[in-house]
Amino acid sequence: MGQEKLIALGANLSSAIGSPAETLRAAIEALSASGERVLRVSRFFATPCFPAGAGPDYVNACIAASGEASAAELLARMHRIEHDFGREREQRWGSRSLDLDLLAHGQEIAPDAASQSQWRGLSLDEQKVSAPEELILPHPRMHERAFVLVPLCDIAPDWRHPLLGQTVRELCAALPQQARDEVKPL
């Protein structure tokens, strides 16, 4: 069956498929067709654009999936799907027709705990200009983002971050109430 994977989906521009919500639904189908078994799908949420003012608001969701693909193989599939849906990587944190982020691949830590912790500790200014050359797991920003944690609570509230030791529910509860309130079910 393979390890359970957690994937975040987001879009704030229409694609050839349609609206951001329609694009997310089609992307979930594409992930399934790529060999991943979709186990659970969160509700879809309207979320403010991050960083603020960078474009239209987003539609975000998360899925739990299972399959035999390694983290690197799954990431490559996800990038192909993004490309197929018109994603262009012109600007960090820019508007996009589809964004797929591998949040977790089981309890895998990649490339190692020290590197993951280094990326997790970057300041916001450093995050704006630095992107890792390699896959970092779990996703180094997931614990800071309500637009990830609120949907993730729908499908994996008890998943425990292998380095932080907290569950998704605990990570979400630690966010400011205002940030959680900005993530609204569609």
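Refer to the structure printed above.
Mapped onto the fold, Gln116 is located in helix H3 (residues 113-120). Residue classification places Gln116 among the buried residues on the basis of a relative accessible area of 0%. A distance of 2.7 Å separates a polar atom in the side chain of Gln116 from the backbone oxygen of Pro138.

What follows is about the environment of Phe45. With respect to the secondary-structure elements, Phe45 resides in strand S3 (residues 45-47). The exposure class of Phe45 is buried, given its relative accessible area of 1%. Linking Phe45 and Ile81, residues 36 residues apart in sequence, is a C-alpha distance of 21 Å. Setting aside residues up to four positions removed in sequence, Phe45 forms contacts with Tyr58, Val59, Asn60, Val150, Pro151, Asp154, Val183, Lys184, Pro185 and Leu186.

On to the pairing of strand S4 (residues 58-66), then. Here S4 lies mainly inside the structure; 9 of its 9 residues are buried. A two-sided burial pattern is seen for S4, the buried positions comprising Tyr58, Asn60, Cys62, Ala64 and Ser66 on one face and Val59, Ala61, Ile63 and Ala65 on the other. Two elements, strand S1 (residues 4-11) and S4, share 8 bridges in a ladder whose sense is antiparallel. The residue of S4 that forms the bridge with Ala11 is Val59. By the bridge criterion, 4 bridges tie strand S2 (residues 37-41) to S4 in an arrangement that is antiparallel. Paired with Arg37 across the bridge in S4 is Ser66.

Thresholds, definitions, all that
- Residues numbered from 1 in each chain as written.
- Predicted model: local features only at pLDDT ≥ 70, side-chain atom pairs only at ≥ 80, totals over all residues.
- Heavy atoms only, no water.
- Helix = DSSP H or I, 4+ residues; strand = E, 2+ residues; numbered from the N terminus.
- Buried < 20%, exposed > 50% of the residue type's maximum accessible area, 1.4 Å probe, protein only.
- Polar contact = N/O pair within 3.5 Å; in protein donor to acceptor, adjacent residues only side chain to side chain.
- Contact = heavy atoms within 4.5 Å.
- Pairing = 2+ DSSP bridges.

Taken by themselves, the reported measurements are silent on function.
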